[in-house]
Amino acid sequence: MAYVIDPPKCPALPVRGSGDLFPVHRIYCVGRNYAAHTIEMGYDPDKEPPFFFQKNPDNLLIGQDFPYPPASGNVHFEIELAVALKSGGAGISIGDSLSHIYGYAVALDMTRRDLQGEAKKAGRPWEVGKAFEHSAPCGALVPASEIGHPAAGTIWLDVDGTRRQEGDLDQMIWKIPELISTLSGLFTLAPGDLILTGTPAGVGPVTRGNRLHGGVEGVGELDVMVV
Ligand code: MN
């Protein structure tokens, strides 16, 4: 049997220091996972269980400039730690969660904040605000076999050389094992899944010409031009 159209390519992240690729299955994102960011968005960090949305795997932007997207005048940066799964399942316990992780990367959850805000107000889905083309710039994956499982360390973003976001991984409201366990109660996780673990405070708008330079201590850095 032949495909009637060419099958879509499988998006893949480079693995740092090798010629290898990590094929991406789904991209899950966590909302409001740092208290200071939750407060800046107008919510109470003590009252919310973790919640999730998705981006499309082909929204990944790897090693290229970020083209300012259409239909928005308020596109925001959100620097995040990405977790990549090498195995999955449903009903994963907190204690088993880390054993499913292949590695980590530095990512941006680019957001059309104006469209997201309209969606929130109208009780509509978030895809138009979150899951658009190139909305997930991501750096190379670093295997956990090399760096372990970072639970603390600075996460930061500079825009044109000025520090705009800074937090510490230990400020995550829901820790990585809790996120994996909770997600696996909602979805069957699979090898190739990415989880973006939320952003610290300081999110703000980008304009064409901005240089976004961020990093996570112990994981790596990410450099993206807005064009
Ligand atoms: Mn985010």
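See the structure printed just above.
Residues numbered from 1 in each chain as written. Predicted model: local features only at pLDDT ≥ 70, side-chain atom pairs only at ≥ 80, totals over all residues. Heavy atoms only, no water.

**Some thoughts on the sheet that holds strand β7 (residues 79–85)**
- With respect to topology, six strands assemble into an open sheet ordered β4-β3-β14-β7-β8-β11, the strand pairing being mixed. Of all the strands in the sheet, just β4 (52–55) and β11 (142–143) have a single pairing partner and so form its edges.
- Pairing analysis gives two bridges linking strand β8 (residues 101–108) to β11, with the strands arranged antiparallel. In the sheet register, Tyr-104 faces β11, and the bridge partner there is Val-142. (Pairing = 2+ DSSP bridges. Helix = DSSP H or I, 4+ residues; strand = E, 2+ residues; numbered from the N terminus.)

**Some points on the coordination of the manganese ion**
- Protein coordination at the manganese ion: the donors are Glu-78 (OE), Glu-80 (OE) and Asp-109 (OD), at 2.0 to 2.1 Å from the metal.
- Within one chain, the residues donating to the manganese ion are spaced in sequence as E-x1-E-x28-D.
- Looking at Glu-78, the relative accessible area reads 4%, which means it is buried.
- A relative accessible area of 0% places Glu-80 in the buried class. (Donors = N, O, S within 2.8 Å, 3.2 Å for Na, K, Ca; no water. Buried < 20%, exposed > 50% of the residue type's maximum accessible area, 1.4 Å probe, protein only.)

**Considerations on the pairing of β7**
- Burial of β7 is extensive: seven of the seven residues sit out of reach of the surface.
- Because side chains alternate across β7, one face comprises the buried residues Ile-79, Leu-81, Val-83 and Leu-85, and the other comprises Glu-80, Ala-82 and Ala-84, equally buried.
- Where β7 meets β8, seven bridges bridge the pair, whose relative direction is antiparallel. Looking across to β8, one finds that Val-83 is bridged to Tyr-104.
- Across three bridges, the pairing between β7 and strand β14 (residues 194–196) is antiparallel.

**A word on helix α2 (residues 113–122)**
- Those residues of α2 not exposed but buried are Arg-113, Leu-115, Gln-116 and Ala-119. Axial view of α2: buried residues confined to an arc of 160°, hence all on one face. The exposed set on the far side of α2, more than 90 degrees from its buried face, consists of Glu-118 and Lys-121.
- Elements that come into contact with the buried residues of α2 comprise β6 (75–77), β9 (111–112) and α3 (127–130).
- Downstream of α2 by a residue or two, Gly-123 has a phi angle that is positive, lying close to 70°. (Arc of directions from axis to C-beta. Contact = heavy atoms within 4.5 Å.)

**Section: the pattern of salt bridges**
- The full count for this structure, using the stated rule, is eight salt bridges.
- In this structure, the salt-bridge partner of Glu-48 is Arg-32, at a minimum N-O distance of 2.9 Å. You can see Glu-48 sitting in the loop between α1 (35–40) and β4 and its partner Arg-32 sitting in the loop between β3 (27–30) and α1, a full 16 residues away along the chain.
- On the accessibility criterion, Glu-48 (25% relative accessible area) is partly exposed.
- The class of Arg-32 is buried, set by a relative accessible area of 15%.
- Measuring nitrogen to oxygen at the nearest pair gives 2.8 Å for the salt bridge that ties Glu-78 to Arg-113. Linking Glu-78 in the loop between β6 and β7 with Arg-113 in helix α2, this pair joins segments that are 35 residues apart in sequence. Across the pair, exposure class does not vary: Glu-78 and Arg-113 are buried alike.
- Residues joined by salt bridges that share partners form a network here, namely Lys-55, Glu-78, Asp-109, Arg-113 and Lys-130. (Salt bridge = Lys/Arg side-chain N within 4 Å of Asp/Glu carboxyl O.)

**Focus on the packing of aromatic side chains**
- Overall, the coordinates contain four aromatic pairs when judged by the stated rule.
- Seen in terms of ring centroids, Phe-51 and Trp-126 are 5.7 Å apart; in terms of plane orientation they differ by 90°. Their pairing is edge-to-face. Highlighted residues: Phe-51 in the loop between α1 and β4 and Trp-126 in the loop between α2 and α3, separated in sequence by 75 residues.
- Geometrically, the ring pair formed by Phe-53 and Trp-126 is tilted, given 5.4 Å between the ring centres and 50° between the ring planes. Of this pair, Phe-53 sits in strand β4 while Trp-126 sits in the loop between α2 and α3, and the two are 73 residues apart along the sequence.
- Phe-53 sits in the buried class, given a relative accessible area of 10%.
- A connected cluster of aromatic rings, assembled from ring pairs, spans Phe-51, Phe-53 and Trp-126.
- Its end group placed over the ring of Phe-132, Lys-55 keeps NZ or CZ at 5.9 Å from the ring centre. (Phe/Tyr/Trp six-rings, centres within 6.5 Å; stacked < 30°, edge-to-face > 60°. Lys NZ or Arg CZ within 6 Å of the ring centre and 35° of its normal.)

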